[in-house]
Amino acid sequence: MASFETDATDDAGNARRGTIHTPHGDVQTPAFFPVVNFIGGPNEKSGGIWSRLRNHLFGEPEFQGAMFQAMSFLDFNITPESLENWRSEPIHDHFTDHEPVKPYHPQPESFTRPLFVDSGGFKLLNSDTFGDPPTEGGDDNDWAIYTNPESILDLQLDYGADIIATLDYPIPPNLNEEETTQRMEDSIDSAIRCLELLEDQPDPPAVYVAIHGHDYETINWYVGTFLDRATHIDKSFEGFAIGSLVPLRTNVEMLVDIVQGAKDAIPADREDDLGLHLFGISGKFTALLTLLGADSFDSSSYMQAAQFKKFINREIGVSDEELVRNPNASTHDLGDFGVDVDRTADARWAADWSKFTADQIPDDWGCQCPACEHLRRIGFEQLQSTMYDSKSYDRDGYMKSDFYALMSYHNFCVYQDEMNHVRKLINDSGGELLEYVAKMARNDVGNIKRALKRATVRDRELAQQLRERGYNRLVADQSDAEQERLDLDIPVDDQEISLEHTPEDFNILDRKDYRVGDERVLLVIPCSQTKPYSNSRTHRVVADATAEWNDQIHKVTVSGMYGPVPEQYENLSQIKSYEYVLTNAEKQRQQLVVDRLVSYLEEYGSQFDAIVGYATSKTYRTVIEQAFAQYGDGVVLPKEPKMRALTEHFRTTNLEELSEHLDDVLSSTPPQ
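Below is a summary of the structure that appears in this document. Predicted model, so just to flag it, every value in this text is computed and none were measured. (Residues numbered from 1 in each chain as written. Predicted model: local features only at pLDDT ≥ 70, side-chain atom pairs only at ≥ 80, totals over all residues. Heavy atoms only, no water.)

**What to know about the packing of helix 22 (residues 587-604) against helix 23 (residues 618-631)**
In helix packing, the relevant descriptors are the interaxial angle and the interaxial distance, both defined with respect to the helix axes.
Link 1 in the chain: For the pair helix 22 and helix 23, the least separation of the axes is 9 Å and the interaxial angle reads 40°. In terms of axis orientation, helix 22 runs oblique to helix 23. In the crossing of helix 22 with helix 23, the sense of the turn from one axis to the other is right-handed. Of helix 23, the residues touching helix 22 (which contributes Gln590, Val593, Val594, Leu597, Val598, Leu601 and Glu602) are Thr619, Val623, Ile624, Gln626, Ala627, Phe628, Gln630 and Tyr631.
Link 2 in the chain: Residue composition of the contact of helix 22 with helix 23, grouped by class: 10 nonpolar, four polar and one charged. (Axes fitted to C-alpha atoms, helices over the stretch in contact; angles between N-to-C directions. Helix = DSSP H or I, 4+ residues; strand = E, 2+ residues; numbered from the N terminus. Parallel < 35°, antiparallel > 145°, perpendicular 65-115°, else oblique. Left-handed = near helix turned anticlockwise from the far one by under 90°. Contact = heavy atoms within 4.5 Å. Nonpolar A, V, L, I, M, F, W, Y, C, P; charged D, E, K, R; others polar.)

Right under this line is the structure:
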């Protein structure tokens, strides 16, 4: 049976070393679980970058296990029949003695490490397809997957999970209070039901109860309420997993509140056998959050950075002590992150987390991680010529995916190296981790100073430990503690959101006040999570690319919830407050959006000289293409995107194609 236990505690703060025991080996905590997509297509070779990255990680000695999001198959246009094949045997069996992706790749190692499977709650948010099970006489959906504990647990068990997180109902920032409370109650009910279902399992996976909350009090209530309600089964789970953190990861002070709120709610007699996992967090904040009691982390940012051709780098700075010994010392004298040199904490705390693109590799780049050693054998020139050749994805036997995967592998090594260092500091005991975090705070790396000071508002023992080491300026004064508690700067607007909206709350075809002006071009683009849409990065880059013709463009956003939304309605409450992402599996909703867009075009399309769509994400591009085809007019750009993915939305050549098309249209077509 999988389980978590504490092995050793540090002398300062709440940091500890622990072990998660699983059938596929032990995980030493604090631990980093890289998010890995195992299902990228119909077979083990599918998945593009992921297929290559998986095989690098499987053979990496520092790879302790992977986080897999149960519903991530939706990102890859997987058919229900194909998913059934994936569910026919555990993920580990699929990736045992599997073939390399390309003949020139070496035989990959088998996947033998622990598998942590998240419930996929965010993917199920407001889903039409994966909602409640059908009532008596109703039809099953094609996937036979529903938003209930029974269905999701079956999926996790079919994957062969060693560790699972219970089905949760994520809480987006600014969700109104009534719906927030209801979703927390639903998540607690779901967790209890999951544990009840596993009571008769002979060898159940380790269960982490998914919890949410955007402040100390809420998450403290959440944990306490669950423990009160689960007294009959509270020995059968191994920890808590805090979700809804990704939108907050730039606000480390809020992360401090959340971690402290969860830790403080765990009773003393359960502290040593309950782990604390943080979804979506990694990198520069792991040392601080480990100091406060977090045991494990996961993230996909190592891959996301690579998709933008970026190496994550932590250039080791020069400490005060090193400058005294060698006044001429430079950063590179101590080596870059990943170089096998004597990297003391004094060097590491001064390090600056940064990124650089593949065309900016320093001449003296000395990283000796396995990925960079591999790249060095191939040649960085080969990397650059392949990655930046716009005409081909395959040059001299290497595909771009090969290099994206190696960059991701490097980024994983950066995160894992930091995690290893944190474990070493805890092993050394004597408060070395606290010293490391305090020096990072003193050097103001990544807002650690404000965050550590905030942690002392509630943790007065931590405050005393910092004072004893001479870090008085990192401690919140007792007289200011309450004010410190109130000064948290939440980086979101004050617009409440609701998950109760339906497509009937807005339909442009019902608006009697809508009029098209004298603009000559109808520009149709997908919606964004940021509201109003015009404030989002995706809309801003389009606005910049088309600024020359701003007064001649009528922008209409395609909402997955409402269909077409002309720009003048972006500030309506129902437009600003909904939270919904259209996925490929939501066929009924896709059809609704197509039908509404076609009806809009039939009503207003003839008033424009040209109809242009700009979309690269697969699902939104598909509905726009279908609507234009059914209407009989309109062009969707870019005409030949290299991928149907959001990253292509920002590609300069694609934005230039949009700009050039508008220039051709508006210069050759006289105004009506």
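**Focus on a positive patch on the surface**
Link 1 in the chain: Where like charges cluster on the molecular surface, the positive patch consists of Lys284, Lys310, Lys355, Arg537 and Arg540.
Link 2 in the chain: As for its placement among the helices and strands, Lys310 is situated in strand 12 (residues 310-315).
Link 3 in the chain: Given the relative accessible area of 33%, Lys310 is considered partly exposed. (Patch = residues over 30% accessible without salt bridge, like charges linked within 9 Å, V, L, I, M, F, W, Y side chains within 5 Å. Areas by Shrake-Rupley, 256 points an atom, 1.4 Å probe, with all protein chains shown as cover. Salt bridge = Lys/Arg side-chain N within 4 Å of Asp/Glu carboxyl O. Lys, Arg positive; Asp, Glu negative; His and termini not counted. Charge placed at Lys NZ, Arg CZ, Asp CG, Glu CD. Buried < 20%, exposed > 50% of the residue type's maximum accessible area, 1.4 Å probe, protein only.)

**Considering helix 17 (residues 448-458)**
Link 1 in the chain: Of all 11 residues that make up helix 17, eight are buried, and the element is covered over most of its length.
Link 2 in the chain: Regarding helix 17, the residues found buried are Ile448, Ala451, Leu452, Arg454, Ala455, Thr456, Val457 and Arg458.

**Brief notes about the nonpolar core**
Link 1 in the chain: Counting residues in each nonpolar core, the largest one holds 136 residues, and the members touching the most others are Phe38, Phe73, Tyr159, Phe226, Phe240, Leu278 and Leu433.
Link 2 in the chain: Element by element, the count of residues in this core is highest for helix 15 (residues 400-428), at 14 residues.
Link 3 in the chain: Setting aside chain neighbours within four positions, we find Phe73 in contact with Ile39, Ile78, Leu83, Trp143, Ile145 and Tyr159.
Link 4 in the chain: Ranked by size, the runner-up nonpolar core spans 34 residues in total, among them Tyr562, Tyr578, Val623 and Val636. (Core = buried A, V, L, I, M, F, W, Y, C linked by side-chain atoms within 4.5 Å.)

**Comments concerning the packing of aromatic side chains**
Link 1 in the chain: Scanning the model with the defined rule gives 34 aromatic pairs in all.
Link 2 in the chain: Where Tyr514 meets Tyr604, the ring centres are 4.9 Å apart and the plane angle is 80°; that geometry is what we call edge-to-face. Of this pair, Tyr514 sits in the loop between helix 19 (481-486) and strand 16 (521-526) while Tyr604 sits in helix 22, and the two are 90 residues apart along the sequence. Across the pair, exposure class does not vary: Tyr514 and Tyr604 are buried alike.
Link 3 in the chain: Ring-pair connections join several aromatic residues into one group, and the members of that group are Phe32, Phe38, Phe58, Phe63, Phe68, Trp86, Phe95, Phe111, Tyr159, Tyr302, Phe412 and Tyr415. (Phe/Tyr/Trp six-rings, centres within 6.5 Å; stacked < 30°, edge-to-face > 60°.)

**Some thoughts on the environment of Ser667**
Link 1 in the chain: Tracing the backbone through its elements, the reader meets Ser667 in helix 24 (residues 652-668).
Link 2 in the chain: You can call Ser667 exposed: its relative accessible area is 58%.
Link 3 in the chain: There is a polar contact of 3.3 Å between the side chain of Ser667 and the backbone oxygen of Asp664. (Polar contact = N/O pair within 3.5 Å; in protein donor to acceptor, adjacent residues only side chain to side chain.)

**Quick look at the state of the cysteines**
Link 1 in the chain: This structure, assessed with the given rule, holds zero disulfides.
Link 2 in the chain: Looking at Cys367, it has no disulfide partner, and the nearest cysteine sulfur is the one in Cys369, 3.5 Å off. (Disulfide = S-S within 2.5 Å.)

**Some points on the sheet that holds strand 5 (residues 66-69)**
Link 1 in the chain: Read from one edge to the other, the open sheet built from eight strands follows the order 4-11-10-9-8-7-6-5, with strand pairing classed as parallel. Looking along the sheet, the strands with just one partner apiece sit at the ends: strand 4 (31-34) and strand 5. Across the sheet, the mean angle separating the axes of adjacent strands is 25° when strand polarity is ignored.
Link 2 in the chain: Where strand 6 (residues 115-118) and strand 7 (residues 163-165) come together, two bridges link them in parallel fashion. Opposite Val117, over in strand 7, you have Ile164 as the bridge partner. (Pairing = 2+ DSSP bridges.)

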